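# Residue-level structural notes
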Amino acid sequence: MSEPHITDPDRDEPKKRVFLRRLLWTVFGLMLTFVVFAFAFAQYSVHRAFPQVDGTIQVDGLSAPVEVMRDSMGVPNIYADTLEDLMMAQGYVHAQDRFYQMDYWRHISSGRLSEMFGESQVETDTFLRTMGWGRLAQQQYDAESREIRSLLDAYAAGVNAYLATRSPTDLSLEYSILGLTNPDYTPEPWTPAHSLAWGKVMSWDLGANHEAEIGRALILGVMSHERMEQLYPPFPGDRHPYIVESRGSETAAIQAIHITSEALQAPLRSASYAIDALNRITGGGMETGIGSNSWAISGEHTPSGSPLLMNDPHLAAQIPSIWYQVGLRCNTVSEDCPFDVSGFSFPGVPGVIIGHNADIAWGFTNVGPDVQDLYIEKINPDNPNQYEYKGAWLDMDLRTETIRIAGGRTVEIEVRSTIHGPIISDSYGRLDDFDSAGVELPEVFAVAMRWTGLDDVPSIVRPIFGINKATNFEEFRAAALLFSVPAQNLLYADTKGAIGYVMPGNIPIRSKGDGTLPVPGWTGEYEWTGFVPFDDLPTSYNPDSGYIVTANNAVIDDSYPFLITEDWTYGYRARRIVDLVTSNLGMGLDGHATMQLDGFDLNAERLLPFLFEALESADVDADDVQREALSKLLKWDLQNFAGSTGAAVWNATWRHLLRVTFHDELPEDLHPQGGSRWFEVMYHLIDNSTDEFWDDVETSAVETRDDILVTAFRDAVDELVDTLGSNVSEWTWGRLHQLTFTNDSLGQSGIALIEDRFNRGPFPVSGSKSVVNAVGWDAVEGYAVDWLPSMRMLIDLGDLTNSRAIHTTGQSGHAYHEHYIDMAPLWLAGETLPMLWDRADIEADARATMMLVP
């Protein structure tokens, strides 16, 4: 007979500890095994996704062999006998190096992110489907000429030829990770409409002036019209340059309407949140300060006697880069095969967006025209699908969109549209619960968007193909005529010595209003009556000055008879570029490369004397750290270099100056992010020491300008001590202003193990907002870089082999590939690489040669 078991806690406790220890070690071992296996599998997946770039590959559909030579940085030059073969090979090469990026982009443009990433993207897809970009892209393709369709078809066939050789996990590492949460996802074949839809996304990014329109309307909910206008000052044409000289015409009278009811605030804010979410995905938005630089110098001001052309577009920081450098070369240049071009393309889009051919070079900067208007539509209280227009109830256009979600579930949404465009307030937030008091607004209303990007306009590839083969300014301008949206500043130079400028685009003519605020849709008074005729759009050819500078500044002064926009970038970069150009006439390509890295801060130059005076007269003595910080600021050369202590002190002071001046009165979502608009606001505000914006409404005292300046400086020093320590000599701008190249999708997953596979950084970086080296940061969020010069290009029209360029990360979109991040150290150091042009130079630097054969 066995004895009864008696539990002895003292004796059993060691057994429990042993069991728990063994259990923990077992769990740890399993986790370690899983991590090691996952890492090993990921590394295996990484390398098997690397494309074949040497040898011979059979590609069905080619008419003749195509040669692809990749240089030491992975830049391909593609040689073909026909234009269709050239486009097919470009599609194949894009897919080899960047297909996941292309796949992600097409899901953005067509509103299908939920298919890849699940429920979290349904709201974004809802807004994107409301805009209908994918549907419009298909309509553009259907309306294209047979010639353009054949080239788009050839490009898509090249992409699909590569897809046919690979499983999803063989295409890119991202698909292996995506498969853990969405195992059923398989990339579909590429279509020509996918290439065109990305043009809609870029048009949105580069023409989104609705943000200023919404911002004004929201500010009017909390302050007077006069104070709102202080926050949206006019372009300072008395101090900063225009792109084109005035024609001397009288300005057409503009009549504005202001809808100020508090009931409008909620739907506008809902729409604003939706737009912000989309901009975080696309990296877009028309925040003043973001933009691009370009300038052309005629031969009379260059050592060689031939023109120079420089361009650095400012776009979101991302990896892989938004650009893919490529040469597209017809073996024999002819009317049937006219391409002999080198430069920068968008993965997923055929042709070269920015670059040069044998005769001309061109660059782009954004115009930022007002091509979006918000209309307040009066809705029938008895029928939500009817709206009033000129006294009659009209039926809305209705369509149903089905959003497919990873895992199999679907969601159906109804998109409503009026004659003005889609109802965007349906996408985010219901209006039923909002107080509709106020005589300006109807009982039931919604917000519709009118935008040129939703019109029936030519696709982006038509003007791009035309520019790629242009040989002179007349052909260039004719191709630019087709650039309906987004409106761009197109800069030009040629090998015969000419420089020029064209501003194409559909710029609306309004019967009433100036586009700065939402307007009543029901009256019919605020319609677009047409577009500015192309022959009346600003242009310039061989100006007397011998140079042309575009940096998102105002194109032309107020004597121009048509309204382009009231929301220009305020010209601080343009002012500095013009000053540098005119002070250094005769400078060569190296000098202009140095100009692209200039970080001189015109905002600091204006404000620092007031800060120094306020600190000198402050009642309370500064501590040792404040005194040393002030000493560094007094000695600062106003350059925003990464190693500068003065730049660190100033930018922290500027950030806190915006906070203590404006956060007390502005809604949180409208707090100043910095940039040229706030430079200009403060330029004027600083002269009035008792303006009511200086007073902090949250205190009982009445603060003045000097009070706020002193507070901002001291708060900045406190922040720097907390962040960087109390040794001021160790403070540098680069320790604050850091750049992390982030993968647009999985790089923002929130899972460090995944993010580390794709993201690279942080790196200390020079530059700042609204300086020539425009490396942006958000004064609300902190100092981390959010946009930057996405590439830098310098073209020598006297000797194209001297031309140089670089983009931010590398040619490859495959994590751990040798060309994934190899350009970044050079870009960070301000260096550029030769844009190889002569075949002998291309062959000499070739590291891989691939033959694509029928």
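One structure accompanies this document, and this report is about it. (Residues numbered from 1 in each chain as written. Predicted model: local features only at pLDDT ≥ 70, side-chain atom pairs only at ≥ 80, totals over all residues. Heavy atoms only, no water.)

## What to know about the overall build of the protein chain
Regarding its fold elements, the protein chain presents 25 helices and 31 strands. In the protein chain, which comprises 854 residues, the share counted as buried stands at 61%. Within the protein chain, counting contacts between residues at least 6 apart in sequence, those at least 24 apart form 74% of the total. By element, 51% of the accessible surface of the protein chain is carried by carbon and sulfur atoms, the whole surface being about 32600 Å². (Helix = DSSP H or I, 4+ residues; strand = E, 2+ residues; numbered from the N terminus. Buried < 20%, exposed > 50% of the residue type's maximum accessible area, 1.4 Å probe, protein only. Contact = heavy atoms within 4.5 Å. Areas by Shrake-Rupley, 256 points an atom, 1.4 Å probe, with all protein chains shown as cover.)

## Structural notes on the nonpolar core
Ranked by internal contacts, the top residues of the largest apolar core, which has 220 residues, are Leu 231, Phe 476, Val 555, Trp 654, Phe 662 and Leu 852. Looking at which element gives the most residues to this core, the answer is helix H2 (residues 83-109), with 14 residues. Ignoring any residue separated from it by four or fewer positions in sequence, one finds Phe 476 in contact with Ile 360, Trp 362, Ile 467, Ala 470, Leu 490, Leu 491, Tyr 492 and Val 502. Ile 297, Ala 574, Val 578 and Leu 589 belong to the second largest nonpolar core, which has 18 residues in total. (Core = buried A, V, L, I, M, F, W, Y, C linked by side-chain atoms within 4.5 Å.)

## Let's talk about helix H18 (residues 624-634)
Taken together, the buried positions of H18 are occupied by Val 625, Gln 626, Ala 629 and Leu 633. Along the axis of H18, the buried residues cluster in a sector spanning 95°; they form a single face. Exposed side chains of H18 directed beyond 90 degrees from the buried face belong to Asp 624 and Leu 634. Against helix H17 (602-617), helix H19 (645-662) and helix H21 (705-724) lie the buried residues of H18. Capping of H18 at its N-terminal end is provided by Asp 623; its side-chain oxygen lies 3.2 Å from the backbone amide nitrogen of Val 625. (Arc of directions from axis to C-beta. Polar contact = N/O pair within 3.5 Å; in protein donor to acceptor, adjacent residues only side chain to side chain.)

## Notes on the pattern of salt bridges
Pairing is possible between side chains of opposite charge, provided their charged atoms come close. Across all of its chains, the model carries 31 salt bridges by this definition. Two residues, Asp 373 and Arg 510, come together in a salt bridge whose shortest N-O distance is 2.8 Å. Taken together, the residues Asp 373 in strand E10 (residues 372-380) and Arg 510 in strand E19 (residues 508-510) connect sequence positions 137 residues apart. Side by side, Asp 373 and Arg 510 carry an identical accessibility label, which is buried. Across the pair Glu 388 and Lys 378 runs a salt bridge whose closest N-O atoms are separated by 3.4 Å. Separated by 10 residues along the polypeptide, Glu 388 in strand E11 (residues 383-389) and Lys 378 in strand E10 bring together distant segments of the chain. Connected via shared salt-bridge partners are Glu 67, Arg 839 and Glu 843. (Salt bridge = Lys/Arg side-chain N within 4 Å of Asp/Glu carboxyl O.)

## As for the sheet that holds strand E15 (residues 421-422)
A sheet is described by the order of its strands in space; here 3 strands give the open sequence E13-E14-E15, paired in antiparallel fashion. The sheet is open, and its two borders are formed by strand E13 (397-404) and E15, each paired with just one other strand. In the sheet, E13 pairs with strand E14 (residues 410-418) via 8 bridges, with the strands oriented antiparallel. Looking at the pairing, Ile 403 lines up with Val 411 of E14. Most of the contacts of helix H4 (residues 122-131) go to E13, to which it runs at about 145°, and overall it touches E13, E14 and E15. (Pairing = 2+ DSSP bridges. Axes fitted to C-alpha atoms, helices over the stretch in contact; angles between N-to-C directions.)

## Focus on the sheet that holds strand E18 (residues 499-502)
Strand order in this open sheet of 11 strands is E1-E31-E2-E3-E6-E7-E8-E9-E17-E18-E22, and the pairing throughout is mixed. Two strands bound the open sheet, and with one partner strand each, they are strand E1 (55-58) and strand E22 (539-541). On average, each strand axis in the sheet is tilted by 15° relative to the strand beside it, whichever way the strands run. Inspection of the sheet shows strand E9 (residues 360-366) paired to strand E17 (residues 488-494) by 7 bridges, in the antiparallel sense.

## Some details on the environment of Ser 812
Note on placement: Ser 812 falls in the loop between strand E29 (804-807) and helix H24 (824-828). Among the residues examined, Ser 812 registers a relative accessible area of 1% and is labelled buried. Sequence spacing of Ser 812 and Arg 98 is 714 residues, and the spatial spacing of their C-alpha atoms is 6.5 Å. Beyond its immediate sequence surroundings of up to four residues, Ser 812 is in contact with Asp 97, Arg 98, Pro 320, His 817, His 819 and Tyr 820. Within the structure, the side chain of Ser 812 is placed 3.0 Å from the backbone nitrogen of His 814, a separation counted as a polar contact.

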